[in-house]
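Notes for the structure review
If you want the building blocks of each chain, they are given just below.
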Amino acid sequence: RFGEMEENVIYAIATMLDPRFKKVPFQSSQSIKSTKEKIVAECKDRNESRTSNTEMETINQLVKHDNELWKHFENKMKKMNKISNPTSMSCEYELKNESIFRILKRFKLNVTYLVNNNLECVIKHGKDRLTHDCRTDVVYRINCANCEACYIGQTKRHLNTRIKEHISDVRKCESNWSMVSKHRVNCGHEFNWSNVDVLHQETQLRKRLIAEMVFIKRHKLSINLQKDTENLPDIYDIVLTNM
């Protein structure tokens, strides 16, 4: 009974696509082949039509975007024209002249006059600079007044506070003396407390400690202990020796 219906394209394709039947009802292998070819051709046509529709949608979107872009550009140009054609201007007060003012007014230009010498030039609100001994977060160097030795340290507090601690350290028990106190007592020397050098200023502790170790390495006559630089990577030795 299906033999005559094989020639009907719609029935043949519907039967082939039906998972219950597929190729079973077909009596001719030629009909099966032609039906498959028609299905493939139909799929290709549909894909091509979809592609073309998508392309048209893309083109329409681009055109729409292009139009919006040009509108945006025109608005920008209008704003720039407004800026390039100012409605006001300023000049120094010494150049004030009524005749010039009237001429500019014809071109719809409002003139404002500026005064150079005002109170701001006289009154300043800046902070006073800190004195040398009031600086904080520094790496410092204390030089011996009797030889070329020096001591390098770092502190977060005010420099004068740390220097006072160095001066009074000699009053402690001998076993608790710092290297500065040992140099003062053992060598009978005194340090130049009033002229302490600030070598570096850094708020971050880690960076400040590295700076301290670098300066200790650079000063061959420093009286700092060897352990003061033991955390400095060896790579710095190559750099410091070439400085």
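It should be noted that the structure appears before, not after, this text.
In this report, the structure presented in the accompanying data block is examined. As the structure is a computational prediction, the values presented were derived from the model and not from experiment.

1. What to know about the sheet that holds strand E3 (residues 138-143)
- Judged by pairing direction, the sheet is antiparallel, and its 3 strands sit side by side in the order E4-E3-E5 without closing on themselves. Edge positions in the sheet fall to strand E4 (150-155) and strand E5 (197-201), since each has one partner strand and no second. Taken over all neighbouring pairs, the strand axes of this sheet differ in orientation by 20° on average, direction set aside.
- Relative to E5, E3 is paired through 4 bridges, and the arrangement is antiparallel.

2. Observations regarding the side chain of His166
- Within the secondary structure, His166 is located in helix H5 (residues 159-168).
- By relative accessible area, which is 2% here, His166 ends up buried.
- Reaching out from His166, the side chain makes a polar contact with the side chain of Tyr140 at a distance of 2.7 Å.
- If near-sequence neighbours (up to four positions away) are discounted, His166 is found in contact with Tyr140, Ile142, Tyr151, Val180, Ser181, Arg184 and Trp193.

3. Quick word on the nonpolar core
- Ranked by size, the top nonpolar core spans 13 residues in total, and within it Ile142 and Phe191 carry the most contacts.
- For this core, the elements supplying multiple residues, two or more each, are E3 and H5.
- Here this core takes 3 residues from E3, the largest share from any one element.
- Beyond its immediate sequence surroundings of up to four residues, Phe191 is in contact with Ile142, Asn143, Cys144, Ala145, Val180, His183, Arg184 and Ile223.

4. Some details on the packing of aromatic side chains
- For the structure on display, the rule yields 1 aromatic pair.
- Ring centres of Phe191 and Trp193 lie 5.7 Å apart, and the angle between their planes is 45°; on these two criteria the pair is classed as tilted. Accessibility assignment for this pair places Phe191 and Trp193 in one class, buried.

5. Notes on the side chain of Arg208
- Relative to the elements of secondary structure, Arg208 occurs in helix H7 (residues 205-218).
- Classification of Arg208 by relative accessible area gives buried; the value is 2%.
- The residues touching Arg208, leaving out its near neighbours within four places in the chain, are Asp137, Val138, Val139, Gln154, Thr155, Lys156, Glu202 and Thr203.

6. Structural notes on H5
- Looking at H5, one finds that the buried residues are Leu159, Ile163 and His166. Along the axis of H5, the buried positions cluster into a sector of 55°, meaning they face one direction only.
- Residues of H5 that are buried sit in contact with E3, E4, helix H6 (179-187) and E5.

Reading the values: rules and limits
- Residues numbered from 1 in each chain as written.
- Predicted model: local features only at pLDDT ≥ 70, side-chain atom pairs only at ≥ 80, totals over all residues.
- Heavy atoms only, no water.
- Pairing = 2+ DSSP bridges.
- Helix = DSSP H or I, 4+ residues; strand = E, 2+ residues; numbered from the N terminus.
- Axes fitted to C-alpha atoms, helices over the stretch in contact; angles between N-to-C directions.
- Buried < 20%, exposed > 50% of the residue type's maximum accessible area, 1.4 Å probe, protein only.
- Polar contact = N/O pair within 3.5 Å; in protein donor to acceptor, adjacent residues only side chain to side chain.
- Contact = heavy atoms within 4.5 Å.
- Core = buried A, V, L, I, M, F, W, Y, C linked by side-chain atoms within 4.5 Å.
- Phe/Tyr/Trp six-rings, centres within 6.5 Å; stacked < 30°, edge-to-face > 60°.
- Arc of directions from axis to C-beta.

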